[in-house]
Amino acid sequence: MREPERAVDSSADLSPGAEPPGEDPVGKARALALRMLTHSPRTRAQLAAALSRRGHDEEVVAAVLEEFDEAGYVDDTAFSRAWVSSRHHGRRLSRRALARELRTRGVEEDTVREAVAEIGDGDEEEAARDLVRRSLATSRSRPYETRVRRALGVLARKGYPSGLAYRLVREELEHEGVEADLYGPDA
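In this text the structure is predicted, and so the values were computed from the model without any measurement.

1. Description of helix α7 (residues 121–137)
Now for step 1: Across its 17 residues, α7 extends 24 Å between first and last C-alpha, which sits within 8% of the 24 Å expected from 1.5 Å per residue.
Now for step 2: Where α7 is concerned, the buried positions are Glu124, Ala127, Ala128, Arg129, Asp130, Leu131, Val132, Ser135 and Leu136.
Now for step 3: Buried positions along α7 lie against α4 (76–91), α5 (95–104), α8 (144–157) and α9 (162–176).

Have a look at this one:
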């Protein structure tokens, strides 16, 4: 037995991104944002971009983000502090590299500066020195030039300034008893 055909409402908006009648666009956007936050922490800008890419109207995105701000689900300051702490201690990234990562995630400049300021000069130098020691330790059997190039490359990829990199590589080589004829910026 065939089901009777239903009349199609020709006045319904069937354009791309339009919500079918009866569906709550704010509810759908909220559900998507919650799924994203369950997967990993996000900044306000990341959530806004993702919701917009999925075709949600600006008003819907703004309403959901405001709701999440009030509930404490989205906090760029807390995100930035946690990000900086984790990435600095885990990956040994410099303040400059951390600031760049936060900016690409849409964090406001004032928040970036506050989060990165929590890493002091001594902390940054200690992390860089640790990277140099590791690099030099794994390249002991290599020629001098190769060891220096690799150690400097490690620090450059992590965002450390060249003056600091040259100084630390020279100091660590001298600590090993290798005469370092390394002269770079600020030498």
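2. Structural notes on the packing of α4 against helix α6 (residues 109–117)
Now for step 1: For the pair α4 and α6, the least separation of the axes is 9 Å and the interaxial angle reads 35°. Between α4 and α6 lies a crossing of right-handed hand. Facing Asp76, Thr77, Ser80, Arg81 and Val84 of α4, the residues of α6 in contact are Thr111, Glu114, Ala115 and Val116.

3. Observations concerning the UniProt feature "domain: RecX first three-helical" (unreviewed entry) in the protein
Now for step 1: In this structure's numbering, the residues bearing the UniProt feature "domain: RecX first three-helical" (unreviewed entry) are residues 29–67.
Now for step 2: Here residues 29–67 runs as 79% helix and 0% strand, with 11 Å between its end C-alpha atoms.

4. Topic: the side chain of His56
Now for step 1: Topologically, His56 is positioned in the loop between α2 (44–53) and α3 (58–71).
Now for step 2: Judged by relative accessible area, His56 falls into the buried class, the value being 12%.
Now for step 3: Sequence-distant contacts of His56, defined by excluding residues within four places in its chain, comprise Pro25, Lys28, Ala29, Leu32, Leu51 and Val61.

5. Observations concerning the packing of α4 against α5
Now for step 1: Close contact between α4 and α5 brings their axes to 10 Å; oriented N to C, the two are set at 140°. Comparing their axes, α5 and α4 come out oblique. Between α4 and α5 the crossing geometry is right-handed. For the pair α4 and α5, the contacting residues are Phe79, Ser80, Trp83, Val84, Arg87 and His88 in the first and Leu98, Glu101 and Leu102 in the second.
Now for step 2: Class assignment of the residues belonging to the contact of α4 with α5 gives a composition of five nonpolar, two polar and two charged.

6. Let's talk about the packing of aromatic side chains
Any aromatic ring pair is given by two values, namely how distant the centres are and how the planes are angled relative to each other.
Now for step 1: Within this structure, the stated rule accounts for two aromatic pairs.
Now for step 2: Relative to Tyr73, the ring of Phe68 lies with its centre 5.3 Å away and its plane at 90°, an arrangement referred to as edge-to-face.
Now for step 3: The exposure class of Phe68 is buried, given its relative accessible area of 1%.
Now for step 4: Seen from their ring centres, Phe79 and Trp83 are 5.6 Å apart, and the 20° between their planes marks the pair as stacked. With Phe79 and Trp83 both in helix α4, this residue pair falls four residues apart, about one helical turn.

7. With respect to the pattern of salt bridges
Now for step 1: The tally for this structure, following the rule as stated, stands at 19 salt bridges.
Now for step 2: Arg87 is the partner of Glu101 in a salt bridge, and the nearest nitrogen-oxygen pair spans 2.7 Å. Of this pair, Glu101 sits in helix α5 while Arg87 sits in helix α4, placing them 14 residues apart in sequence. One exposure class covers both Glu101 and Arg87, and it is buried.
Now for step 3: Across the pair Arg103 and Glu109 runs a salt bridge, and its minimum N-O distance is 2.8 Å.
Now for step 4: By relative accessible area, Glu109 is classed as partly exposed at 31%.

Rules and cut-offs
- Residues numbered from 1 in each chain as written.
- Predicted model: local features only at pLDDT ≥ 70, side-chain atom pairs only at ≥ 80, totals over all residues.
- Heavy atoms only, no water.
- Helix = DSSP H or I, 4+ residues; strand = E, 2+ residues; numbered from the N terminus.
- Expected span 1.5 Å × (residues − 1).
- Buried < 20%, exposed > 50% of the residue type's maximum accessible area, 1.4 Å probe, protein only.
- Contact = heavy atoms within 4.5 Å.
- Axes fitted to C-alpha atoms, helices over the stretch in contact; angles between N-to-C directions.
- Left-handed = near helix turned anticlockwise from the far one by under 90°.
- UniProt positions renumbered as here; feature names shortened; annotations may be inferred.
- Parallel < 35°, antiparallel > 145°, perpendicular 65-115°, else oblique.
- Nonpolar A, V, L, I, M, F, W, Y, C, P; charged D, E, K, R; others polar.
- Phe/Tyr/Trp six-rings, centres within 6.5 Å; stacked < 30°, edge-to-face > 60°.
- Salt bridge = Lys/Arg side-chain N within 4 Å of Asp/Glu carboxyl O.

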